Amino acid sequence: MAQLTNCKKKREVIKLVTEEQVAVALAQYTAALSEKYIKEKGSFNVVLSGGTLIHTMRVLAEVYKDAVDWSKWRVFWVDERVVPLDDNDSNYKLANEGFFKKVKKIPKQNIYPIHYSCSAHEVACDYESRLKTLVQNKILPTSACGFPKFDLMLLGIGPDGHIASLFPNRPQRYERKRWVTFITDSPKPPPPRITMTFPVINCASNIAMVVTGKELADPVAKTLGGYVGPPPPIPCSELEMEAEGEVTWILDKGAASKLHHHHVVY
Ligand SMILES: O=C1O[C@H](COP(=O)(O)O)[C@@H](O)[C@H](O)[C@H]1O
């Protein structure tokens, strides 16, 4: 593991070879954080994304099934497609089938999927107000700037450099007041989605960027510095610049393939 040193924030880039090794590293990393936070404060607040992440969480679900205290987990979504929860596009459905059903012991009341309505605006307002209630009830802590502070965000990245549903050429990535916003014209289908905003993402105590496959080598290199070319204004770089907590990149060979060693700042 390599530690970023010339940066006041903590960054770690873990370069592995295979997707299976990424799944194993993700499992070890998440299980260790779960143990630490449960010991310290009795709960572990985790934010999931959709996409390939859930498949990569299989080792955590299978190998750590009896080692993790799932009863202390609370699970949220960094973004969700505005579709019914049983729709194949739903990030909740993906996590339910690929993760919750395997680990079994996360209490249903600790899982916070969206309340579906056909208005993305309404869904975003509802999700934000539920988070605010959890903060008022001291179930979720906040950071000094007033945004909720999650223990861990597990994120992926798209080929265009989007994270959550914060896309290039869309204004949501610049939102600085709302906790949760919405988009009705997502460039990646389905178009209506809700998403946590950058201030919330950047307040998390830990962010894992879990990236596999050579089709993601470009946004990884653009974000981490191996890219040669004009400065690319991709959303993911905002996380690299602003995150308060620790950011850990877990990459396979394909995703790391455009990182020029001398450009990567460890
Ligand atoms: O649409 C989405 O895409 C991103 C990236 O997905 P991946 O398949 O490239 O890992 C995902 O993080 C987000 O939650 C999802 O809604």
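Remember, predicted model here, so these are calculated numbers, not experimental data. (Residues numbered from 1 in each chain as written. Predicted model: local features only at pLDDT ≥ 70, side-chain atom pairs only at ≥ 80, totals over all residues. Heavy atoms only, no water.)

**Comments concerning the overall build of the protein**
Scanning the protein from N- to C-terminus turns up eight helices and 10 strands. For the protein, the spread of C-alpha atoms along the three principal axes comes to 45 × 40 × 40 Å. Taken over 266 residues, the protein has a buried fraction of 57%. In the form shown here, the protein has an accessible surface area of approximately 11,800 Å², with 55% of it arising from carbon and sulfur atoms. Counting 34 positive and 29 negative side-chain charges, the protein places the centres of these two groups 2 Å from one another. (Helix = DSSP H or I, 4+ residues; strand = E, 2+ residues; numbered from the N terminus. Buried < 20%, exposed > 50% of the residue type's maximum accessible area, 1.4 Å probe, protein only. Areas by Shrake-Rupley, 256 points an atom, 1.4 Å probe, with all protein chains shown as cover. Lys, Arg positive; Asp, Glu negative; His and termini not counted. Charge placed at Lys NZ, Arg CZ, Asp CG, Glu CD.)

**Remarks on the site of the ligand**
In the neighbourhood of the ligand, 13 residues make up the surrounding shell, with G50, T52, D79, R81 and K188 lying closest. Within the side chain of K188, an N or O atom sits 2.8 Å from an oxygen atom of the ligand. For the ligand, whose free accessible area comes to 390 Å², the fraction covered by protein is 93%. Looking at the shell around the ligand residue by residue, the classes come out as two nonpolar, seven polar and four charged. (Near = heavy atom within 4 Å. Polar contact = N/O pair within 3.5 Å; in protein donor to acceptor, adjacent residues only side chain to side chain. Nonpolar A, V, L, I, M, F, W, Y, C, P; charged D, E, K, R; others polar.)

**Quick notes on helix α8 (residues 235–242)**
Among the eight residues of α8, six are classified as buried, and the element is accordingly described as predominantly covered. Here α8 has its buried residues at P235, C236, S237, E238, L239 and E240. In the core, the buried residues of α8 are packed alongside β2 (11–15), β6 (152–155), α6 (198–203), β9 (206–211), α7 (217–224) and β10 (246–251). (Contact = heavy atoms within 4.5 Å.)

**Description of the sheet that holds strand β8 (residues 193–196)**
A sheet is described by the order of its strands in space; here three strands give the open sequence β5-β8-β7, paired in antiparallel fashion. Two strands bound the open sheet, and with one partner strand each, they are β5 (79–81) and β7 (180–183). For this sheet the average axis-to-axis angle between neighbouring strands, irrespective of direction, equals 15°. Two strands pair when backbone bridges link them, and β7 and β8 are joined in this way by four bridges, in the antiparallel orientation. The partner of I183 across the bridge, within β8, is R193. Strands in contact with helix α5 (residues 120–136) are β7 and β8; relative to β7, the strand with the most contacts, it is inclined by about 170°. (Pairing = 2+ DSSP bridges. Axes fitted to C-alpha atoms, helices over the stretch in contact; angles between N-to-C directions.)

**Remarks on the side chain of S143**
Along the polypeptide, S143 turns up in the loop between α5 and β6. Ignoring any residue separated from it by four or fewer positions in sequence, one finds S143 in contact with K149, C203 and E244.

**Brief notes about the pattern of salt bridges**
By the definition in use, this model includes 17 salt bridges. By sharing partners, the salt bridges in this structure join E19, E20 and R58 into a single network. (Salt bridge = Lys/Arg side-chain N within 4 Å of Asp/Glu carboxyl O.)

**Describing the nonpolar core**
For soluble globular proteins, nonpolar side chains are generally found buried alongside one another. Judged by nonpolar contacts, the single largest core of 87 residues is most densely connected at L48, W73, F99, M153, M196 and M209. When residues of this core are assigned to their parent elements, the largest contribution, 10 residues, is made by helix α1 (residues 19–41). (Core = buried A, V, L, I, M, F, W, Y, C linked by side-chain atoms within 4.5 Å.)

**Some points on the packing of aromatic side chains**
Throughout the structure, instances matching the rule amount to 12 aromatic pairs. Measuring from ring centre to ring centre gives 5.2 Å for F44 and W73, while their planes differ by 75°; the resulting arrangement is edge-to-face. One end of the pair, F44, is in strand β3 (residues 44–48); the other, W73, is in strand β4 (residues 73–77), and 29 residues separate them in sequence. Side by side, F44 and W73 carry an identical accessibility label, which is buried. For the pair Y92 and F100, a centre-to-centre distance of 6.3 Å together with 45° between the ring planes defines the contact as tilted. According to the relative accessible area criterion, F100 is buried, its value standing at 7%. One aromatic cluster in this structure is built from Y37, F44, W70, W73, W77, Y92, F99 and F100. (Phe/Tyr/Trp six-rings, centres within 6.5 Å; stacked < 30°, edge-to-face > 60°.)

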